[in-house]
Amino acid sequence: MTTFEQVPVFQCEFEDDRTGLSKETIKRALADNLFYIQGKVPATATPNDYYMALAYTVRDRMLQRWFKTTEVYTKKGVKVVSYLSAEFLLGPHLSNNLINLGIYDLVRQVVEESGLDFVQLREIEEEPGLGNGGLGRLAACYMDSLSTLEIPAIGYGIRYEFGIFDQEIRDGWQVEITDKWLHLGNPWEIPRLEETIEVKFGGRTEAYYDEKCRYRVRWIPDKVVKGVPYDTPISGYNVNTVNTLRLWKAEAPESFEFQAFNVGDYYGAVNRKVVSENITKVLYPNDELMKGKELRLEQQYFFVSCSLQDMIRLHLQKGESLETFHQSFAVQLNDTHPSIGVAELMRLLVDEYEIEWDQAWQITQNTFGYTNHTLLPEALEKWTLSLFKNLLPRHLQIIYEINQRFLGQVRAKYPNDSDRLARLSLIDESGEKYVRMANLASVGSHAINGVAALHTELLKRDVLGDFHELWPEKFSNKTNGVTPRRWIVVSNPLLANLITRKIGVDWISHLEDLKQLEAFIEDAEFRREWRQTKQDIKGYLATYIKENHGIEVNPESLFDVQVKRLHEYKRQHLNVLHIITLYKRIKDNPNIEITPRTFIFGGKAAPGYFMAKLIIKLINSVGDVVNNDPDVRDRLKVVFLPDYNVRFGQRVYPAADLSEQISTAGKEASGTGNMKFAMNGALTIGTLDGANIEIREEVGEENFFLFGLTTEQVYELKSKGYNPWDYYHNNPQLKQVIDLISSGFFSHGDTNLFRPLVDSLLYHDPYMLFADYQSYIDAQDQVNQAYRDQEHWTRMSILNAARMGKFSSDRAILEYCQEIWNAVPVKIELEEYIQGRA
Ligand code: B1H
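Residues numbered from 1 in each chain as written. Predicted model: local features only at pLDDT ≥ 70, side-chain atom pairs only at ≥ 80, totals over all residues. Heavy atoms only, no water.

(A) Up close: the site of the ligand. Neighbouring the ligand are 20 residues; Glu288, His373, Asn480, Glu668 and Gly671 lie closest to it. Separating an oxygen atom of the ligand from a side-chain N or O atom of asparagine 480 is a distance of 2.8 Å. Here tyrosine 569 contributes a side-chain N or O atom positioned 3.3 Å from an oxygen atom of the ligand. Comparing atom positions with the cavity grids shows the ligand to sit within the largest cavity. Of the residues belonging to the shell around the ligand, the class tally is five nonpolar, ten polar and five charged. (Near = heavy atom within 4 Å. Polar contact = N/O pair within 3.5 Å; in protein donor to acceptor, adjacent residues only side chain to side chain. 1 Å grid on protein atoms, 1.4 Å probe; cavity = no way out; pocket = protein on both sides within 12 Å on 5 of 7 lines; lining within 4 Å. Sits in = over half its atoms within 2 Å of the grid points. Nonpolar A, V, L, I, M, F, W, Y, C, P; charged D, E, K, R; others polar.)

(B) Looking closely at the sheet that holds strand S16 (residues 427-428). The strand order across the open sheet formed by three strands is S15-S17-S16, and the pairing between neighbours is antiparallel. Among the strands making up the open sheet, the edge pair consists of strand S15 (382-384) and S16. When S15 meets strand S17 (residues 434-436), the two strands line up antiparallel, connected through three bridges. In the strand pairing of S17, threonine 384 is matched with tyrosine 434. (Pairing = 2+ DSSP bridges. Helix = DSSP H or I, 4+ residues; strand = E, 2+ residues; numbered from the N terminus.)

(C) Just the packing of helix H23 (residues 610-628) against helix H30 (residues 755-763), in detail. Running from amino to carboxyl end, H23 crosses H30 at an angle of 110°, the nearest separation of the two axes being 9 Å. By the angle between their directions, the pair H23 and H30 is classed as roughly perpendicular. Viewed along their axes, H23 and H30 form a crossing whose handedness is left-handed. Taking contact as the criterion, the partners of Phe610, Met611, Leu614, Ile615 and Leu618 in H23 are, on H30, Pro756, Leu757 and Ser760. Considered class by class, the residues forming the contact of H23 with H30 number seven nonpolar, one polar and no charged. (Axes fitted to C-alpha atoms, helices over the stretch in contact; angles between N-to-C directions. Parallel < 35°, antiparallel > 145°, perpendicular 65-115°, else oblique. Left-handed = near helix turned anticlockwise from the far one by under 90°. Contact = heavy atoms within 4.5 Å.)

(D) Looking closely at the pattern of salt bridges. For the coordinates displayed, the defined rule picks out 71 salt bridges. Linking lysine 281 and glutamate 161 is a salt bridge whose minimum nitrogen-to-oxygen distance equals 2.8 Å. Here glutamate 161 lies in the loop between strand S4 (153-158) and strand S5 (166-170) and lysine 281 lies in the loop between helix H8 (266-277) and helix H9 (294-317), a separation of 120 residues in the sequence. The partner of lysine 806 in a salt bridge is glutamate 694, and the shortest N-O contact between them spans 3.0 Å. (Salt bridge = Lys/Arg side-chain N within 4 Å of Asp/Glu carboxyl O.)

(E) Seen up close, the domain arrangement of the chain. Domain annotation for the chain reports domain 1 (76-91 + 127-479 + 819-834) and domain 2 (484-807). One C-alpha centre belongs to domain 1, the other to domain 2; they are set 35 Å apart. Contacts between the two partners involve 41 residues from domain 1 and, on the opposite side, 44 residues from domain 2. Taking both sides of the interface into account, the surface hidden between domain 1 and domain 2 amounts to around 3300 Å²; carbon and sulfur atoms contribute 56%. Of all residues in domain 1, Gln167, Trp173 and Tyr237 bury the most surface against domain 2, accounting for 19% of the area lost on that side. On inspection of domain 1 and its partner domain 2, the count reaches four salt bridges. (Domains from an automatic or database assignment. Buried area = accessible area lost by both parts, 1.4 Å probe.)

(F) Highlighting the packing of aromatic side chains. For the structure on display, the rule yields 28 aromatic pairs. Aromatic side chains phenylalanine 406 and phenylalanine 467 sit 6.0 Å apart centroid to centroid with 5° between the ring planes, which places their arrangement in the stacked category. Pair noted here: phenylalanine 406 is in helix H14 (residues 393-413) and phenylalanine 467 is in helix H18 (residues 465-470), with a separation of 61 residues, a long-range link. A ring pair is formed by phenylalanine 745 and phenylalanine 746, whose centres lie 5.1 Å apart and whose planes are at 85°; its orientation type is edge-to-face. With relative accessibility at 38%, the residue phenylalanine 745 sits in the partly exposed group. Overall, phenylalanine 746 belongs to the buried group, its relative accessible area being 4%. (Phe/Tyr/Trp six-rings, centres within 6.5 Å; stacked < 30°, edge-to-face > 60°. Buried < 20%, exposed > 50% of the residue type's maximum accessible area, 1.4 Å probe, protein only.)

(G) Highlighting a nonpolar patch on the surface. A surface patch of nonpolar side chains, amounting to about 410 Å² of accessible area, comprises Phe35, Tyr36, Ile37 and Val41. A relative accessible area of 39% means that valine 41 is categorised as partly exposed. (Patch = residues over 30% accessible without salt bridge, like charges linked within 9 Å, V, L, I, M, F, W, Y side chains within 5 Å. Areas by Shrake-Rupley, 256 points an atom, 1.4 Å probe, with all protein chains shown as cover.)

(H) Spatial organisation of the pairing of strand S21 (residues 597-602). Among the six residues of S21, six are classified as buried, and the element is accordingly described as predominantly covered. Judged by which residues are buried, S21 turns out to be covered on both faces: Arg597, Phe599 and Phe601 on one side and Thr598, Ile600 and Gly602 on the other are all buried. One ladder, built from six bridges, connects strand S20 (residues 558-563) with S21; its direction is parallel. By the bridge assignment for S21, valine 563 is matched with glycine 602. The parallel pair S20 and S21, bridged by helix H22 (residues 572-588), forms a crossover whose chirality is right-handed. (Right-handed = clockwise from strand over helix to strand, strands pointing away.)

(I) Region of the structure containing the layout of surface pockets. Counted as a void, the second largest pocket has a volume near 1300 Å³. Broken down by element, the lining of the second largest pocket gets its largest block of residues, six residues, from helix H3 (residues 94-101). Residue classes in the lining of the second largest pocket are distributed as 23 nonpolar, eleven polar and nine charged. (Points joined across faces, edges and corners; volume = space filled by probe spheres on them.)

Here it is in structure tokens:
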């Protein structure tokens, strides 16, 4: 085999048109790409043709950097972080890459001088919605920070043909539409057909003795699927590093068709092809709900096997032996979705590369880290043994072997503790038998982390309590962060400019620098500019809402925003109870002084989650009544904005005055929207849950509207018997609000429509809305008071943004690098002729 060093260097000069950053060059490249790639001239070009030409123009400018980055990683013995995630919720690429390359204004100028509408072209891009919510978006923020910090990294995932569904609202109900994000082509990806990998499924295993008389097992699958990698460049901000996001698409191998033709089963062959290609068709939209669907396990195994085989290939290409695999790659499991990787790496090392079990296990444990993202029991992944055995017979054997050795250790440490053994086992044997993926991930990793301080503590105490007792040293906290490039610079250029005028540009890659804004807090002119900026952005959002949804909202009113997936634990319906409380006050006394508010909601419900969909209907129904009641006199407006996605997030976070982070304490692992709001100067009303706690610590309790039970109080109340009826009967205000919903007031007299929701609250209230109701209303009243003093509100807004340094994903990634991955930056230097930044 030729090693990389032996390959003769391919010398060529690159045309400046494809890399240069001067205005003239970019202008020519745009015209060139329109003609040579889209095959159009201006007379026939559609807006999409222009968008594509523009996107290729930007991609061209990343290619030299991308190539150089990959070359350095392959040549040098650097350690590469490999982020395995079933979801990457990237959002639009164009603006983000322009910002990272430092050519946003330049390109915008060029486009406009060419007689085109830059904003129109920018909005044509279909965003890759390859994720459900926070978990997928976190993966995208982490990819951005890895590149910005110049950490060698590769993201591995699935190239879903259909990402998260598009949401429409009809008659107040959610309707799901397939997301055809690839229909006009994707200029950001490059297929690497020659790096296709084969993945086996099903069949049986067979034991045998090899030529050295060693016991071995071979796997005889009944299906082979090809994984074709599609690479997307991930640029870093103001550096040359361009890392790779490698997403796998499933294709049927041609050989099967030939076989079928030979036996005349043409239809069977085509069908088999369709079934294989189904693996990467669609993203499962059940955020935080485990449904044991076979295709989902196929997806997980498919992308994990492709990725591990790819890493092994890259490692061997460097001329290394597999004993040092963990020195080449630090593999992070983004929740348990890729945790089958533990068994797959063992299979590859032991069965295919003939490494002894103990050594293979060392390598495996040293390779993997596991991030847990949820404590919700319904989200914890487990697969029935029968499903597992049918799809991955060899992996089940390997898991049994891992389990036997592991439980042996446990038995030695805790003799005669069968309960503990049953809890730690990789197999749940309490009823129907299951493989527990969190246990597999925990045993197979050297590091386990939660995503916020409280979440990690609860993880150590409850869900992984026994593992923590066994291996406390494996556990650590890594509080989430978000990238300030997308979530401030790209989405809120007005604020970014104001900040930069005051403290320079360094904050964009050193978010702690925002602290320097505190020095200007007594500067009345600065406060005025800050307030004016927020006002302008709220004006843009108001115009957008008017144009797109026909609802008139007052930009002077308090913008109160809750955007996130719909879930009972996130309690969008608690927010609704507040709206109805205010509405009731107005009805009882139409001349009451109230702070005008616009309530903005956005978020998708899992298509099979009835209660979440009913909450959407409730929001819209309450909106219909409130928005059209003349007594309200436009002082309250309720809008549910359909199809919440990354692009809309970029519009709404900058325009918010108030950020709703109102989950039941102990339920939201971290939250990341909470960070995006505060960075953009919104104040938070929130519970002591997830990262809210740390946000409050940073911004100061006087700049945060706190309410609700603590996690401890929630547990206590639950254990002594929580009765929502008591709250209903003892709080006349709450009773009136609930009765109004029950009466059919918001449902044209239909008393059945919202009954399931009301009954759930009255008789179970698993997320304790009633217990937190009064405290929430009181906190909202304080918000109203505070908003009336605009000077004071502005101070609080500035302090919130200024103190958000900790929540940059750069800080989070640095912690992962130092404490889990042992990864260090590698500078990418470019030849002079391609360096020239504009
Ligand atoms: C989070 C998920 C999740 N936690 C299963 N768990 C999924 C679980 O499709 N599935 O099967 C999809 C998603 N997502 C979120 O992760 C937490 O709820 C947030 O609190 C957290 O901020 C985010 C990132 O850590």
